[in-house]
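Residues per chain, in single letters:
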Amino acid sequence: MKVGMMTASVSRAGGGIHEVVRRSALELHRRGSSISVFGLSDEHVGKDYETWRPVAVTVFRHKGYKSFGYAPDLLPALQSSAPDILHNHGLWMYPSVASVRWAKLTNRPYIVSTHGMLDPWAITHSYWKKRIADMLYERRHLTNAACLHALCVPEAEAIRRYGLSNPVCVIPCGIDLPLLSLAPPPRQGKVLLFLGRLHPKKGLVNLLAAWRELQHDAPSIAAEWTLWIAGWDQGHHETELRRWSAENGLEHSVRFVGPKFGADKETVLRSAHAFVLPSFSEGLPVSILEAWAYALPVAMTTHCNLPQGFEAGAAVCIDTSATGIARGLLDLMIMSAGDRSAMGMRGRRLVEQRYSWAAYAEQISSVYSWMSGSGQRPSCVI
């Protein structure tokens, strides 16, 4: 089967979505599918292009308003490639328009992975821009999809709340498992790590406020820890965070370590003692799955859509308020090293059992076959 995959970015600029598309494309190719990937150009494409091989990737220059990503050569390329199925990862940009036009011209089906973009917080962020986009093209894109893809049940529920009645397949993404036998880098003190986009939805301002509370309320415990904020800036949010940290006297205990990829990302994950994600909204956060893969205990909100982490005893639940984050982090910090290690290993086992790329590829392939009329409706479709 020929599958076309479309995404806003084929580089690290796409964050977790880029990694989901890349690894799923590679796994589907390994299983024998013919995969072509289409994306928009950005400043990091040159650095990451080789990581897609042997999957074919075509990148298009966009014109006009950057956030919309209008690429006039995209639709002709889709027609020329002639995939049997088109899989669009993401919303609110020109690829949504191209999907609808391609389907009308070819009479072939497409599937849309929403990647948490229809969650309540995501919808209310930049509400009027999304409302206009919904009326102009996005509602048509979503309603005409043969299937919608959710990474977890809460995301499927958000899709239904948005008023969409299409079939929805619920398939979690996978994660690559590192070797745990490798010795971690030398460390002084304990490290609490955040790794991801520096964006308001991640709750980082409240994380810094919680860190300030801990310095005041539990100084002897807080003194043993340093907060590392690793990730790439979006919309100059890092400037706001650095200013807040400086104004509140946190420079000695908070480090902004910049974006981390490849070997650098592995180093910071191996250097950490615990992981935190205080998000207001997520689809299925790859960063938490990566933290568990490295056997790190996690502090996360319910909005991270990984309740099985709480059920397995692999995570501490925090709410999105500064006080709620501080309370959860303190619970994590006062644990013994042995208890934190055991929590992290429960996360590792959870990833091993539930989040493999082989399982993802098998399920999404069955959805593609059903969409094309050559297979039965899979059990993951609701």
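Located above this text is the structure these notes cover.
Reference entry: report on the structure contained in this document. Not measured: the values here are computed from a predicted model.

Calculation criteria
Residues numbered from 1 in each chain as written. Predicted model: local features only at pLDDT ≥ 70, side-chain atom pairs only at ≥ 80, totals over all residues. Heavy atoms only, no water. Buried < 20%, exposed > 50% of the residue type's maximum accessible area, 1.4 Å probe, protein only. Helix = DSSP H or I, 4+ residues; strand = E, 2+ residues; numbered from the N terminus. Pairing = 2+ DSSP bridges. Right-handed = clockwise from strand over helix to strand, strands pointing away. Axes fitted to C-alpha atoms, helices over the stretch in contact; angles between N-to-C directions. Parallel < 35°, antiparallel > 145°, perpendicular 65-115°, else oblique. Left-handed = near helix turned anticlockwise from the far one by under 90°. Contact = heavy atoms within 4.5 Å. Nonpolar A, V, L, I, M, F, W, Y, C, P; charged D, E, K, R; others polar. Polar contact = N/O pair within 3.5 Å; in protein donor to acceptor, adjacent residues only side chain to side chain. Salt bridge = Lys/Arg side-chain N within 4 Å of Asp/Glu carboxyl O.

1. Topic: the pairing of strand β11 (residues 274-277)
A two-sided burial pattern is seen for β11, the buried positions comprising Ala274 and Val276 on one face and Phe275 and Leu277 on the other. Sheet topology note: the strand β8 (residues 190-195)/β11 ladder contains 2 bridges and is parallel. Considered in β11, the bridge of Leu192 is made with Ala274. Here β11 runs beside strand β12 (residues 298-300); their pairing, made up of 3 bridges, is parallel. Considered in β12, the bridge of Val276 is made with Ala299. Tracing the backbone out of β11, into helix α12 (residues 286-293) and back to the parallel element β12 gives a crossover that is right-handed.

2. Details of the sheet that holds strand β10 (residues 254-258)
One open sheet holds the 6 strands; their spatial order is β10-β9-β8-β11-β12-β13, and the pairing between them is parallel. Looking at strand neighbours, the two that pair on one side only are β10 and β13 (315-317), the edges of this open sheet. Going from strand to strand, the sheet's axes swing by 25° on average, the running direction of each strand aside. Bridge analysis of β8 against strand β9 (residues 225-230) gives 6 bridges, and the strand direction is parallel. Counterpart to Val191 in the pairing with β9 is Thr226.

3. Overview of the packing of α12 against helix α15 (residues 337-354)
Two quantities define a packed helix pair, namely the angle between the axes and the distance from one axis to the other. Between α12 and α15, whose axes approach to 7 Å, the crossing angle comes to 115°. Between α12 and α15, the angle falls in the class roughly perpendicular. Judged by the twist between their axes, the crossing of α12 over α15 is left-handed. Facing α12, whose interface residues are Leu289, Trp292 and Ala293, α15 presents Gly344, Gly347, Arg348, Leu350 and Val351. Its residues placed into classes, the contact of α12 with α15 shows 5 nonpolar, 2 polar and 1 charged.

4. Quick look at the side chain of Glu282
Along the chain, Glu282 turns up in the loop between β11 and α12. A residue is classified by how much of its surface remains accessible, and Glu282, at 5% relative accessible area, is buried. Engagement of the side chain of Glu282 in a polar contact is seen with the side chain of Lys202, the distance being 2.7 Å. If near-sequence neighbours (up to four positions away) are discounted, Glu282 is found in contact with Gly116, Asp119, Lys201, Lys202, Leu277, His303, Cys304 and Asn305.

5. Digging into the pattern of salt bridges
Under the defined criterion, the tally for this structure stands at 12 salt bridges. Of the charged contacts in the structure, one is a salt bridge between Arg242 and Glu238, with a shortest N-O distance of 3.0 Å. Placement of the pair is Arg242 and Glu238 together in helix α10 (residues 237-247), with a separation of 4 residues, close to one helical turn.

6. Some thoughts on the pairing of strand β6 (residues 147-150)
Residues Cys147 and His149 of β6 are buried on one face, and the alternating residues Leu148 and Ala150, pointing to the opposite face, are buried as well. With 3 bridges joining them, strand β5 (residues 110-113) and β6 adopt parallel strand pairing. Looking across to β6, one finds that Val112 is bridged to Leu148. Both β6 and strand β7 (residues 168-170) contribute to a ladder of 3 bridges, which runs parallel. If you follow Leu148 over to β7, its bridge partner there is Val168. Crossover β6 to β7 through helix α7 (residues 153-161) is right-handed.

7. Quick look at unusual backbone geometry
Put simply, Arg53 and Pro54 share a cis peptide bond, and its omega is 10°. On the secondary structure map, Pro54 appears in the loop between α2 (45-48) and β3 (56-60). Positive phi is not limited to glycine here, since Ala82 has a value of about 55°. A positive phi angle, close to 60°, is found at Asn107, a residue other than glycine. Checked against the element boundaries, Asn107 lands in the loop between α4 (94-106) and β5. On the basis of relative accessible area, Asn107 is assigned to the exposed category, the value being 71%.

Purely geometric numbers; function is a separate question.
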